Amino acid sequence: MKKNPNKCRLLRVFEYMLNTDEEHPLNVTEIQQKLLEDGTCDKLPDRKSILRDWASINECGYELESCANHNEGKYMNGK
């Protein structure tokens, strides 16, 4: 079966976010690098794709909180 790279990326981003908290957030750049390192993506995913993944995670009822400094990223709230 052929894998759908967008669905694989979304699932992997969700897994990354499950391991975050207020003291250990992830930003878009860190997620991009993780996706490359673990082989989920063949090339660097664009920032908008990660932002859409975050929006999808929120739409499914999981709370992603932004850090006070948005450059620090987001974390999963209320696991």
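You'll find the structure just up there.
Here goes a summary of the coordinates provided. (Residues numbered from 1 in each chain as written. Predicted model: local features only at pLDDT ≥ 70, side-chain atom pairs only at ≥ 80, totals over all residues. Heavy atoms only, no water.)

## Looking at the nonpolar core
Part 1: Counting residues in hydrophobic clusters, the biggest one holds 14 residues, and the most contacted among them are Val 13, Met 17, Ile 31, Leu 35, Ile 50 and Trp 54.
Part 2: Breaking this core down by element, the ones donating at least two residues are helix 1 (5–18), helix 2 (28–37) and helix 3 (47–59).
Part 3: Of all the elements, helix 1 adds the most residues to this core, at four residues.
Part 4: Every residue in contact with Leu 35, bar those within four places of it in the chain, is listed here: Arg 9, Arg 12, Val 13, Tyr 16, Thr 40, Cys 41, Pro 45 and Ile 50. (Core = buried A, V, L, I, M, F, W, Y, C linked by side-chain atoms within 4.5 Å. Buried < 20%, exposed > 50% of the residue type's maximum accessible area, 1.4 Å probe, protein only. Helix = DSSP H or I, 4+ residues; strand = E, 2+ residues; numbered from the N terminus. Contact = heavy atoms within 4.5 Å.)

## What about the environment of Asn 58?
Part 1: Structurally, Asn 58 can be placed in helix 3.
Part 2: Using a relative accessible area of 32% as the deciding quantity, one classes Asn 58 as partly exposed.
Part 3: Separated by 14 residues in the primary sequence, Asn 58 and Glu 72 have C-alpha atoms spaced 18 Å apart.
Part 4: Asn 58 has contacts with Glu 63 and Leu 64, leaving out every residue within four places of it along the chain.

## Quick notes on the state of the cysteines
Disulfide: a covalent bond connecting the sulfur atoms of a pair of cysteines.
Part 1: Considering all chains together, one arrives at zero disulfides under this definition.
Part 2: With no disulfide of its own, Cys 8 lies 8.8 Å from the sulfur of Cys 41, the closest cysteine sulfur. (Disulfide = S-S within 2.5 Å.)

## Structural notes on the packing of aromatic side chains
Part 1: Following the criterion strictly, the structure yields one aromatic pair and no others.
Part 2: Here the aromatic rings of Phe 14 and Tyr 62 are separated by 4.8 Å at their centres, their planes lie at 65°, and the arrangement is edge-to-face. Highlighted residues: Phe 14 in helix 1 and Tyr 62 in the loop between helix 3 and strand 1 (63–66), separated in sequence by 48 residues.
Part 3: For Tyr 62, a relative accessible area of 39% translates into the label partly exposed.
Part 4: Lying across the ring of Tyr 16, Lys 34 places its NZ or CZ 5.3 Å from the centre. (Phe/Tyr/Trp six-rings, centres within 6.5 Å; stacked < 30°, edge-to-face > 60°. Lys NZ or Arg CZ within 6 Å of the ring centre and 35° of its normal.)

## What to know about helix 2
Part 1: Within helix 2, the full set of buried residues consists of Val 28, Ile 31, Gln 32 and Leu 35. The buried residues of helix 2 all sit within an arc of 105° when viewed along its axis, so they share a single face.
Part 2: The residue sitting at the N-terminus of helix 2 and contributing the capping side-chain oxygen is Asn 27; that oxygen lies 3.1 Å from the backbone nitrogen of Thr 29.
Part 3: Just past helix 2, the residue Gly 39 takes up positive phi, approximately 85°. (Arc of directions from axis to C-beta. Polar contact = N/O pair within 3.5 Å; in protein donor to acceptor, adjacent residues only side chain to side chain.)

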